[in-house]
Every structure is written in structure tokens, then in C-alpha cells.
Amino acid sequence: MKILIVDDFSTMRRIIKNLLRDLGFTNTQEADDGSTALPMLRSGDFDFLVTDWNMPGMTGIDLLKEVRADAKLAGLPVLMVTAEAKRDQIVEAAQAGVNGYVVKPFTAQVLKEKIDKIFERVGS
Amino acid sequence: MGNNNTEQQDHFLSQLQDCANHLVEKLQSDNLDEASEMIHDLVEARNQHIFKSVGQLTRGLHNAIVNFHVDADMDSEPPEVNNSEIKDASNRLQYVITKTQEAADKTMDKVEAVAPIAMNLGLEATRLREEWHRLKRREMTKEEFRDLYNQMGDFLDQMDEGTTTLNKSLQDIILEQGYQDLTGQVLRKVIGLVTDVESELVKLMRIAGQVEQVTGLAKNPESVRDPNIVKQRDTVAEGPQINAESRTDVVSGQDEVDDLLSSLGF
């Protein structure tokens, strides 16, 4: 299971990376915004994308839309982990095809639940 | 300043009314020379009032610039700001990012460094306890007991060393949280500056409003505000919500996110 973590704050990338490692996911890579993440996704065989929303360059919501519009990446499970908490934004992310939405600050338990749920659905 | 402006405004208006009344009188009695002189005076009074208001606006701007210690090179195009309280505030905020990042990194470094110590001590303790129970149940040979005896000694040494390191790291982690104090102070200063900027802007807006009124530039504020502009901003990223509880368009936690998503069929 190869995972890409996208967040402009290295602290948050590190926290997510640590939490994923605790959950048994050790094969992770990092990117600091959508425009760096997109080429990595296109050239690498990633199985899962965890992304922030608010980033300089390309935002997470734009990255999500690009992923869904790309024939090769369209089916990639995407979890949004963000401080953006407006209802309109959550609805927009849902309409853009996000697979899970976690608001910061979050707990290890919440992250695990959402990831489990996503793979449960993808697997079935 | 506000009272002064209102007085001026009233003075100008009464001057205007006086002139207008006189003008009508002169015109009715066909005194055209004096009438044109009146019009001249009227224009003069209006100009004087505009000059005064513009003067106040300029002074207000100047004060605002002085108050925020803007040190700028006005000759270059565009003017280059060498130093100002706003620039200073940006630096302060940058400092907050750096400080919090350092603190988070150091804290995680410490935890990552000592987590294996705690885990190994735990594993060793579990193993020795099983051996100890075997001893209590008298299931142990003399040789095995001798091994256990030595292992016990080693474990106590490890325990002593390990807990010392652990305690040291825990202490360091607590100390590291001092960044909250430092960044909190800096943020408070920036908040103070933002409040000052706001009140200066309100003052300038008031003076500018009066200039607009006399020059006839003022527009209906409703027509200026385009609802589409506000609408477009809906999906701009806002970062952490500081007052999530008091806003209805914002969720206040993961539970509400889950409810909203499940209402959308997730």
C-alpha cells in the first residue's frame, strides 16, 4: 500500500506519517502542494491520497478535481484532512468525489476509522 | 476630529443656504452683477470646503503612516516599503510559524527517540514476569534460575538507565511547550496592530465620506456592493475556524462532518 501525503506544513505531514505508520502503513511519500503532488501521482503507483485543502500553489480541492478528471487516477481513494470546516466546502468536496473528510485537529482514532471505512468500500 | 468636521459641514451648509436665498433675491430684482458675484462666492465656499476636507484626509493619511512607522522610498516606482509595522507584523507572524514548527519537530524527535526504550522495557518486563511465575510455580531448573537471576540484574540496570533517559525527555518535551507563551505574546501584538489599523481606516473612511458628499461623488453604497463578489468567495480556503461554535455555516467537529456527509449519501 503506497500512500501520498500532501500538506504544506511539514509538521502535519509528519504527524500523519507517524499515525499511518502506527496503523501499519509504512510506504508513504510526501508533497507540499497539489502541483507537486499531481506529477508524483501520475508517474507513481499510489494506492491512496491523503491531502490538505488550503495550500499555496494548487489547493487540495483542485488536486481532487484533477485526480477525478484523469482517466488513470479517477479511481484513486482520496481522504481530505483539513482545517476547512465550512459546510459548503464539505459539500463541494463530496460533490468533487472525495472518499472521506477529516477536520483538524483530529485524533488517531478518527483517522483510522475513516481509512478503514474507505478501504472497506473500495474493497467491496 | 469628528466634531470639528461636523461643525465645518454645518457651517458650509448654512453658508450655502444664505447664499442661495440672496441669489434668488438678486435674480428676482434683476441685479445680475451682484448675482454673478454671489455665484462666484458660492463656488469659492464650496472649493474652500473641499480643500479643507481633502487637507484633513491627507493629514489623516499622514498620521496613519506615521503611527505605523512606515519607512518607504517614495521615489521608486512602485514605492518600496523598507520598514513598517505591517511588515514587522508579517515578520512576527512568520516567527510564529517558525517557532511552532521547531517546537513540533523537537517534541516529535524526543518522542521518536525514547519510544523504543519504553517499548523494550515493557517487552522485557512481560517476559521476565512469565519467568517469575514459572519460578513461583516451582517449574524452574537450577540452571534456568541462575539465568533468571542474571537477567533480573541486567533488567534492573536497563530500567535504571532507561527511566532516566525517559524522564529527561519528558521534561524536555514539557519545556519545549514554552513556544506557546512566546508565540502567544507575538500574536497579541499583531492583534493590537490589526485593531489599530482598523480604527485608523474607519477614521479615514469618515473623512473620505465627507469629501464625497460635498463633491457629489458619493454613490448609493448598495449599488457598489455586488452580491456576486461575495458569493464567489464562498469556497476560498479559510484555515482553522476560530469561532466555529458561533457560526452556522461551519461545522464544529468531526461528528458534524460525518452527519453532513451521510446526509449526502456517504
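Keep in mind that what you see is a predicted model, and the values were worked out from it rather than measured.

(A) Structural context of the overall build of chain B. Counting secondary structure elements, chain B contains eight helices and two strands. Its helices and strands taken in sequence order, chain B reads α-α-β-β-α-α-α-α-α-α from the N to the C terminus. Among the 266 residues that make up chain B, the fraction classed as buried is 20%. A separation of at least 24 residues holds for 62% of the contacts in chain B among residues at least 6 apart in sequence. Roughly 19300 Å² of accessible area belongs to chain B as shown, and the carbon and sulfur atoms make up 55% of that amount.

(B) Main features of the overall build of chain A. When helices and strands are tallied, chain A shows five helices and five strands. When each of the 124 residues of chain A is scored for burial, the buried share is 55%. In chain A, once contacts between residues fewer than 6 apart in sequence are set aside, the share between residues at least 24 apart is 64%. Total accessible area on chain A stands at roughly 5300 Å², and carbon and sulfur atoms take up 51% of it.

(C) Region of interest: the sheet that holds strand β1 (residues 3-6) of chain A. Residue and element names in this part refer to chain A. With respect to topology, five strands assemble into an open sheet ordered β2-β1-β3-β4-β5, the strand pairing being parallel. On the outer flanks of this sheet lie β2 (28-31) and β5 (100-103), each paired with one strand and no other. Shown here is a sheet whose adjacent strand axes are inclined to one another by a mean of 20 degrees, direction ignored. Sheet topology places β1 next to β2; four bridges connect them, and they run parallel. Bridge pairing in β2 links Leu4 to Gln29.

(D) A look at the pattern of salt bridges. Counted by the stated rule, this structure contains 25 salt bridges over all chains. The residue Asp70 of chain A makes a salt bridge to Arg42 of chain A at a minimum N-O spacing of 2.8 Å. Taken as a pair, Asp70 of chain A in the loop between α3 (60-69) and β4 (78-82) and Arg42 of chain A in helix α2 (residues 34-43) lie far apart in primary sequence, 28 residues in all. The residue Glu34 of chain B makes a salt bridge to Lys26 of chain B at a minimum N-O spacing of 2.9 Å. Owing to a relative accessible area of 36%, Glu34 of chain B belongs among the partly exposed residues under this scheme. According to the relative accessible area criterion, Lys26 of chain B is partly exposed, its value standing at 22%.

(E) Region of the structure containing the nonpolar core. Counting residues in each nonpolar core, the largest one holds 33 residues, and the members touching the most others are Leu4, Val6, Leu41, Leu49, Leu63, Val67 and Tyr101 of chain A. Elements represented by at least two residues in this core include exactly β1, α2, α3, β4, α4 (87-95) and β5 of chain A together with α8 (254-263) of chain B. Top element by residues in this core is α3 of chain A. It accounts for four residues. Once residues lying within four places of it in the same chain are set aside, the contact partners of Tyr101 of chain A are Trp53, Leu79, Met80, Thr82, Glu84, Gln89, Ile90 and Ala93 of chain A together with Gln254, Val257 and Leu261 of chain B.

(F) A nonpolar patch on the surface, seen in detail. Together, Ile65, Val70 and Val81 of chain B give the surface a local cluster of nonpolar side chains, amounting to about 180 Å² of exposed area. Here Val81 of chain B is to be found in strand β2 (residues 80-83).

(G) Quick peek at the pairing of β2 of chain B. Residues and elements named next belong to chain B. Relative to β2, strand β1 (residues 71-73) is paired through three bridges, and the arrangement is antiparallel. Note that in β2 the partner of Asp73 across the bridge is Glu80. The antiparallel hairpin formed by β1 and β2 contains six residues in its connecting segment.

(H) Spotlight on helix α4 (residues 142-176) of chain B. Residues and elements named next belong to chain B. Under the 1.5 Å per step criterion, the end-to-end length of α4 is 50 Å for 35 residues, consistent within 8% with the ideal 51 Å. Among all positions of α4, only Leu148, Phe155, Gly162, Leu166, Ser169, Asp172 and Ile173 are buried. On its buried face, α4 is in contact with α3 (85-136).

(I) Highlighting the confidence of the model for chain B. Confidence in the prediction of chain B, expressed as mean pLDDT, is 81, and 88% of residues score 70 or more. In the model, residues 229-234 of chain B has pLDDT below 50 throughout and makes two contacts with residues more than four positions away in sequence or in other chains.

(J) Representation of α4 of chain A in the model. Turning to α4 of chain A, its buried residues are Gln89, Ile90, Glu92, Ala93 and Ala94 of chain A. Tucked into the core, α4 of chain A has its buried residues touching α3, β4 and β5 of chain A together with α8 of chain B. Immediately downstream of α4 of chain A, the backbone of Gly97 of chain A shows phi near 95 degrees, a positive value.

(K) Spotlight on the pairing of strand β3 (residues 48-51) of chain A. Residue and element names in this part refer to chain A. Because side chains alternate across β3, one face comprises the buried residues Phe48 and Val50, and the other comprises Leu49 and Thr51, equally buried. Note: β1 against β3, four bridges, orientation parallel. Each residue of the ladder has a partner; that of Val6, found in β3, is Thr51. Alignment of β3 against β4, held across three bridges, turns out to be parallel. Bridging across to β4, Thr51 finds its partner in Met80. Of the crossover connections in this fold, the one passing from β3 over α3 to the parallel β4 is right-handed.

(L) Up close: the interface of chain B and chain A. At the junction of the two partners, chain B supplies 29 residues and chain A supplies 27 residues. Summed over the shared surface of chain B and chain A, the result is five salt bridges. Put simply, Arg14 of chain A and Asp105 of chain B hold a salt bridge, and the shortest N to O gap is 3.0 Å. The tally of links from chain B across to chain A stands at eleven residue pairs in polar contact (both at pLDDT 80 or more). Going through the elements one at a time, α3 and α8 of chain B are the ones with two or more residues in the side of chain B that touches chain A.

Quick notes on the rules
Residues numbered from 1 in each chain as written. Chains lettered and ligands numbered in written order. Predicted model: local features only at pLDDT ≥ 70, side-chain atom pairs only at ≥ 80, totals over all residues. Heavy atoms only, no water. Helix = DSSP H or I, 4+ residues; strand = E, 2+ residues; numbered from the N terminus. Buried < 20%, exposed > 50% of the residue type's maximum accessible area, 1.4 Å probe, protein only. Contact = heavy atoms within 4.5 Å. Areas by Shrake-Rupley, 256 points an atom, 1.4 Å probe, with all protein chains shown as cover. Pairing = 2+ DSSP bridges. Axes fitted to C-alpha atoms, helices over the stretch in contact; angles between N-to-C directions. Salt bridge = Lys/Arg side-chain N within 4 Å of Asp/Glu carboxyl O. Core = buried A, V, L, I, M, F, W, Y, C linked by side-chain atoms within 4.5 Å. Patch = residues over 30% accessible without salt bridge, like charges linked within 9 Å, V, L, I, M, F, W, Y side chains within 5 Å. Expected span 1.5 Å × (residues − 1). pLDDT = per-residue confidence, 0-100. Right-handed = clockwise from strand over helix to strand, strands pointing away. Polar contact = N/O pair within 3.5 Å; in protein donor to acceptor, adjacent residues only side chain to side chain.

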